[in-house]
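Notes for the structure review
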Amino acid sequence: MNKDELLRRYQAGERDFSGVDLKGAVIRDADLNHVNLSHANLNGTGFDHVNLSYANLNRANLGGANFNTVNLTYANLSHTNFMGGADLDNVNFSYADLSNVCLDHTLSKNCHLTGANLSRMSALQSSWENCDFSGADLSNIHFEEVSLLGSNLSHTSLTHACLSLSVNLSGVNLSNANLTDANLTGVCGWSGVNLSGAKLTRTLYGPCLSAPANFDLTQMGAILIESGADLSGFDLSYYVSHFHKNFRISVIGGLSDVNFSHANLSGIDLSDEELTQANFSHANLTRVNLNGADLTHANFCNANLEEADLSYSDLSHANLSNANLTNANLTEVTFCHTIMPNGSVRNENSD
C-alpha cells in the first residue's frame, strides 16, 4: 500500500491498517488520529507535521523513521522497534505508551514526553537533548552512551533505572525525581544537575569529575561505588533481581582495591572491569560475569565462583585458595603465579 491509498481510505473512514507496509513513504500535513498501524512496516518512513494522536503503533517497525513536528499524544507505541536509528524532532509523546520500546541509535531533540510511560525502554548510543520528560515513568530503563543534556526529568520515576555506561546528565532537571534503587554508575556528566527534592534511596553512583554541586549524594541515601570502597557484606544481588536487563557496574577509574569480602555479587556483570587487588574473600560470586576483567592480585579465598564467567580474565597473582570453581568458565584465563583452590600455584595460560 502506498501513502496515497492510506490517506484516501482513512478519509473514507477506515482506521485499521495493521500490518501495512509503508516502508520509505513520506507523509506530510496529514491528520491520522486514532489510526491503527500496529505491526506495520514503517522502516525509513517520514512523518512531517502529522497528527497521530491516539494512534496504535504497537510492535511497528520504525527503524530509520523521521518524525518532524508530529503529535503522538496518548499513542500506543509499546514494543515498537526503532532499531537502526530514528530522527525525532519536536515530537509530542505526552501520555503515550512507549513501554518496552527499543530506541537505540536514536537522535531526539525538543521532544515532549510529559506523563509518558517509558518503562523498560532501551536507548543505547542515543541522544535525548532538551526534551521534557516531566512526570514520565522511566522505571527500569536501560541507557548506555546516552546524552540527556538540558532535559527536564522533574517528578519522573527512575526506580531501577540502569544508566550504566557514559550517560551525560549535564544541565538535567531531576528535581523531585524518584531514583530509588537506580544504577547511576555510568553517569559521566553531572554539572548543573538539579537534584532538589530527589529521592536517592539505595541509588548506586560512581566517581565523576563533574559531581553535582551543592548536593551530597551519599547524605541523600546514595551509595558510592569506586576504587578502594568498603562494600564488605554488601548485597548487590538485590539489584540483579529487580532490574529488567543485566545489572552492570562499570565506573570511571575501575574498582581496584574494593573490599567485597562476604558480599553477595551473584549474577552481576563486571565484565572488562579493572578489579586489581580487589578483596572477594568469602563473597558469593555465583554466575557473576568477569569476562575480560583485570583480576591481578585479587583475593578470592573461600569465595563461591560457581558458574562464574572468568573467560579471558587476568588472574595473575590472584589467590583462589578454597574457592569454589564448579562449572566456572576458565576459557583463555591468564594464570601467572595464581594460587589455585587446592593451594597449588598455576603459571600457564590454559583452560
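Details of the structure are given in the entry above.
Residues numbered from 1 in each chain as written. Predicted model: local features only at pLDDT ≥ 70, side-chain atom pairs only at ≥ 80, totals over all residues. Heavy atoms only, no water.

**Concerning the overall build of the chain**
Within the chain, the regular secondary structure consists of two helices and 14 strands. Overall, the C-alpha framework of the chain stretches about 80 × 45 × 25 Å when taken along its three principal axes. In the chain, which comprises 351 residues, the share counted as buried stands at 52%. In the form shown here, the chain has an accessible surface area of approximately 13,700 Å², with 43% of it arising from carbon and sulfur atoms. Of the side chains in the chain, 15 bear a positive and 35 a negative charge, and the two mean positions are spaced by 12 Å. (Helix = DSSP H or I, 4+ residues; strand = E, 2+ residues; numbered from the N terminus. Buried < 20%, exposed > 50% of the residue type's maximum accessible area, 1.4 Å probe, protein only. Areas by Shrake-Rupley, 256 points an atom, 1.4 Å probe, with all protein chains shown as cover. Lys, Arg positive; Asp, Glu negative; His and termini not counted. Charge placed at Lys NZ, Arg CZ, Asp CG, Glu CD.)

**Digging into a nonpolar patch on the surface**
A surface patch of nonpolar side chains, amounting to about 350 Å² of accessible area, comprises Tyr54, Tyr74 and Tyr95. Inspection of the secondary structure puts Tyr74 in the loop between strand E3 (66-68) and strand E4 (87-89). Overall, Tyr74 belongs to the partly exposed group, its relative accessible area being 44%. (Patch = residues over 30% accessible without salt bridge, like charges linked within 9 Å, V, L, I, M, F, W, Y side chains within 5 Å. Salt bridge = Lys/Arg side-chain N within 4 Å of Asp/Glu carboxyl O.)

**Brief notes about the packing of aromatic side chains**
Here the structure, examined in full by the defined rule, presents eight aromatic pairs. An angle of 25° between the planes, with centres 4.9 Å apart, marks the rings of Phe47 and Phe67 as stacked. Here the residue Phe47 occupies a position in strand E2 (residues 46-48), and Phe67 occupies one in strand E3, the gap between them amounting to 20 residues. Here the two residues Phe47 and Phe67 agree in accessibility, since each one is buried. Relative to Tyr95, the ring of Tyr74 lies with its centre 5.3 Å away and its plane at 15°, an arrangement referred to as stacked. (Phe/Tyr/Trp six-rings, centres within 6.5 Å; stacked < 30°, edge-to-face > 60°.)

**Describing the environment of Gly267**
For Gly267, the position within the fold is in the loop between helix H2 (237-242) and strand E13 (338-339). For Gly267, a relative accessible area of 29% gives the class partly exposed. Taking the C-alpha atoms as reference points, Gly267 and Arg248, 19 residues apart in sequence, are found 9.5 Å from one another. Contacts of Gly267, omitting those with residues within four sequence positions, involve Val240, Thr286, Arg287 and Val288. (Contact = heavy atoms within 4.5 Å.)

**Here we look at the state of the cysteines**
What we call a disulfide is simply a covalent bond connecting the sulfur atoms of a pair of cysteines. This model, assessed by the stated rule, comprises zero disulfides. The thiol of Cys131 is not disulfide-bonded; the next cysteine sulfur, from Cys111, is found 4.6 Å away. The cysteine Cys301 is free of any disulfide, with Cys336 supplying the nearest cysteine sulfur at 18 Å. (Disulfide = S-S within 2.5 Å.)

**Quick word on the environment of Asn178**
Position of Asn178 relative to the elements: it lies in the loop between strand E8 (162-168) and strand E9 (183-184). For the pair formed by Asn178 and Leu195, sequence separation is 17 residues and the distance between their alpha carbons is 10 Å. Setting aside its immediate chain neighbours within four residues, Asn178 contacts Thr156, Ser157, Leu158, Thr159 and Lys199. Polar side-chain contacts of Asn178 include one of 2.7 Å to the side chain of Thr180. (Polar contact = N/O pair within 3.5 Å; in protein donor to acceptor, adjacent residues only side chain to side chain.)

**Section: the pairing of strand E6 (residues 122-129)**
The pairing of strand E5 (residues 107-109) with E6 spans three bridges and is parallel. Among the inter-strand pairings, Lys109 is bridged to a residue of E6, identified as Glu129. The pairing of E6 with strand E7 (residues 142-147) spans five bridges and is classified as parallel. Within the sheet, the bridge partner assigned to Ser126 lies in E7 and is Val146. (Pairing = 2+ DSSP bridges.)

**Quick look at the pattern of salt bridges**
Scanning the entire structure with this criterion turns up five salt bridges. Here Asp48 makes a salt bridge to Arg28, at a shortest N to O gap of 3.6 Å. In this pair, Asp48 sits in strand E2 while Arg28 sits in strand E1 (residues 26-28), placing the two residues 20 residues apart along the sequence. When salt bridges that share partners are traced, they join Glu5, Arg9 and Glu14 into one network.

**Overview of the environment of Gly186**
Note that Gly186 resides in the loop between E9 and strand E10 (187-189). Considering only alpha carbons, one finds Gly186 and Glu306, 120 residues apart in sequence, at a separation of 27 Å. Residues within four places of Gly186 in sequence aside, it is in contact with Leu163, Ser164, Leu165, Ser166, Val167 and Ser250.

**Describing unusual backbone geometry**
The residue Tyr95 is not glycine, and still its phi comes out positive at about 60°. Note that Tyr95 resides in the loop between E4 and E5. Residue Asn327 is not a glycine yet carries a positive backbone phi of 60°. Among the structural elements, Asn327 can be located in the loop between H2 and E13. For Asn327, a relative accessible area of 60% gives the class exposed.

**Some remarks on the pairing of E7**
Of all six residues that make up E7, five are buried, and the element is covered over most of its length. Where E7 lies against E8, five bridges are found, and the strand directions are parallel. Of the residues in E8, the one forming a bridge with Val146 is Val167.

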